[in-house]
Amino acid sequence: MLDKIMVLGKLKWNFSCLMTPVKVFPIPGRKDMNTRRERVPESLLNLAIVLILAGPIWAESRTTDFKDGGSVALIEKAYAEGRLSLGDKVFHELQAAMAPQDLPTSLRANVPALIKCGSPYVDAAISNWKILSTDQQTLAAQYLARPSLDSVYIPPSQAFAIHYSLAGNDAVPPEDLNMNNLPDYVERIGEYVDSVYFFYHGILGYLPHPRDNDSLYDIYLLKIGAYGVTVPETPADSAWDDYSSYIQIHCTFANFPPNDDPEGDVIGAQKVTCAHEYYHATQMAYNTHMEAWWRESAAVYFEEVSFPEVNDNYGYLPSFFNYPDTFLTSTGYHMYGSFIWPEFLAAKYGLNMLRTITEEERYYLVLPAIDSALAPLDETVKRIFPEFTVWNYFTGTRAGGESYDSAIYYPLAPLDRTLVAPFGAVAPVYPPDGLATNYIVAYPESGPNGLLKINFDGSNTVEWGFSYVTFKQGVTDIHAGCTVDGQGRTSCGIYDIALYDSVLFVPAVISQWLNNNQYAFSTVINPFGDADGNGSLNILDVSYIINYLYHFGAAPKYNIYMGDANCNGVINILDVSYIINYLYRSGPTPCLYRP
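Visitor: Outline the packing of aromatic side chains, supporting the account with residue identities and numerical values.
Guide: In total, this model carries 55 aromatic pairs according to the counting rule given. Ring centres of W464 and Y519 lie 5.7 Å apart, and the angle between their planes is 90°; on these two criteria the pair is classed as edge-to-face. Here W464 is found in strand 13 (residues 464-472), whereas its partner Y519 is found in strand 17 (residues 519-526), with 55 residues between them in sequence. Residue W464 is classed as buried on the basis of its relative accessible area of 5%. Geometry around Y79 places K89 over its ring, the cationic atom sitting 5.6 Å from the centre. The ring of Y393 has R398 lying over it, and the distance from NZ or CZ to the ring centre is 4.0 Å.

Visitor: Can you lay out the sheet that holds strand 3 (residues 115-117) for me, pointing to particular residues and giving the numbers?
Guide: Strands sit in the order 3-7-8-6-5-4 across an open sheet of six strands; the sheet is mixed. Looking at the sheet topology across the chains shown, the edges are occupied by strand 3 and strand 4 (151-153). Sheet twist, expressed as the average angle between the axes of neighbouring strands with direction ignored, equals 25°. Summarising the sheet, strand 5 (residues 160-164) and strand 6 (residues 217-222) pair through four bridges and their orientation is parallel. Bridging from a neighbouring strand, A161 pairs with D218 of strand 6. In this fold helix 3 (residues 119-127) packs onto strand 3 and strand 7 (226-235), with an angle of close to 40° to the strand it touches most, strand 7.

Visitor: Kindly report on the side chain of T490, identifying the contributing residues and their values.
Guide: Following the sequence through the fold, T490 ends up in strand 15 (residues 489-494). The exposure class of T490 is buried, given its relative accessible area of 4%. Within the structure, the side chain of T490 is placed 2.6 Å from the backbone oxygen of T483, a separation counted as a polar contact. What T490 contacts, discounting residues up to four positions off in sequence, is I454, N455, F456, F466, C482, T483 and V484.

Visitor: Would you mind going over the confidence of the model for the chain in detail, with residue names and values included?
Guide: Per-residue confidence for the chain gives a mean pLDDT of 88; residues scoring 70 or more make up 87%. Scored below 50 in pLDDT, residues 1-58 makes 162 contacts in the model with residues more than four places away or belonging to other chains.

Calculation criteria
- Residues numbered from 1 in each chain as written.
- Predicted model: local features only at pLDDT ≥ 70, side-chain atom pairs only at ≥ 80, totals over all residues.
- Heavy atoms only, no water.
- Phe/Tyr/Trp six-rings, centres within 6.5 Å; stacked < 30°, edge-to-face > 60°.
- Helix = DSSP H or I, 4+ residues; strand = E, 2+ residues; numbered from the N terminus.
- Buried < 20%, exposed > 50% of the residue type's maximum accessible area, 1.4 Å probe, protein only.
- Lys NZ or Arg CZ within 6 Å of the ring centre and 35° of its normal.
- Pairing = 2+ DSSP bridges.
- Axes fitted to C-alpha atoms, helices over the stretch in contact; angles between N-to-C directions.
- Contact = heavy atoms within 4.5 Å.
- Polar contact = N/O pair within 3.5 Å; in protein donor to acceptor, adjacent residues only side chain to side chain.
- pLDDT = per-residue confidence, 0-100.

Quick look at the structure:
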């Protein structure tokens, strides 16, 4: 049985102590959000407002993630179909990560399981311990207890003890090219973990990992079902939720997915796993129970920062980019592709921003922690999220302008719709969840020109951002935000729409909660000279311009040049005369002879 002991006001988990069942409470922490495509433990009920609107739908198909196979997928399917209880699901997923040889035959996949990190399954098992059966608790305690291996290597930093075996199921490859009586595989683990140790603490200034009963951090090389796993153990002595821990890393990485490391796939896997799992150990110096999606996405990003030649993280990008309408905070494989979010934050504000966020996580959940870190810059998550969504459009063949350094190698996000502007009211094909978006491309139709007025009305149960991007003869102009009111509505405009080849519209939910958020979106053409923005040209526009010119009235709506009826680049009394001439003396159409 997993024993829970109160130590300095925190929970101490003693995995080596098997006892009769006792009442065990879950570790405190926010529940993960559920999405319509994923089932996760302790999902929140998501609400949606149903809005049915007619409109042409030309939506791009969405590719299936290549990681849909594996034992975890079989377990999730069995749970969704009611063949497994929640406790069974949690237990078997822990098995899949840490002891795949113990899985029931029916839950063993024909294709190799790809588990990036076993830590989320460890957390799920601890949090749901009381619903595991007695036999499951006994086995889970064995999986989580420190293993006993026959050899140990202390690398040059003198900060780690790397435990390994030379024979048996957990044997490391015996290759020893430098003939120093130490397997090269083990020696490389020492080299790579030393590298990230000095990088995280010596260069970036993170707190050191909390120590256990000696000065060495223990890493065990085992034949597990994941790249690696970091297991929390004992509360440390800080006022916040820090814990000591140990790491398990796969002992061979045989038949793991390929990567781009010039030294080979196995070496690449060793590098990124050391970076990933030791970043988890470092995170536990601040908050052991930080939200899984951020913990994993940040750890994946530090793989890229620590060992940029490997690019193992590129394999997770489809699970993010294929689903722009899915919660940023989703778990599953999506959270590994979500390393794009910490990459965005680092690209805009510097790598130290991520350490500052981690420091704030001692006291806050992750999104308030990010807000706290951004506060000195007068920024918030809600303010910068629309820009993030625009960056995510400009990848692959669309790459260019302000975006990620490696954007050309990232997948394309699919379009929710392709339309011809102006268009009547349409609803989303894939309604966006909290902190998610749609991409809509429109091509101006040939016909009357003027200002393309954007009418957007989103569900008022969430907060919205709205951006658009114009494309003209290879020139891209990004408008990162139309003002959206508290009811989810915005009206803005694109002047002289006929000049553009196409327009990208990016509605985004900038608040965290609720899924399948609906909106109604339409566009109309306002004629040149329509200064009051009511959609028609009449004597009221004459009055509006005179009031603007001579009585300190408001500027023409949506674009100041909507008052420039003769299109000479200046708004003056000649524009008033031009509109009167058009309305009452059969004069030329406004802007008929524009440059």
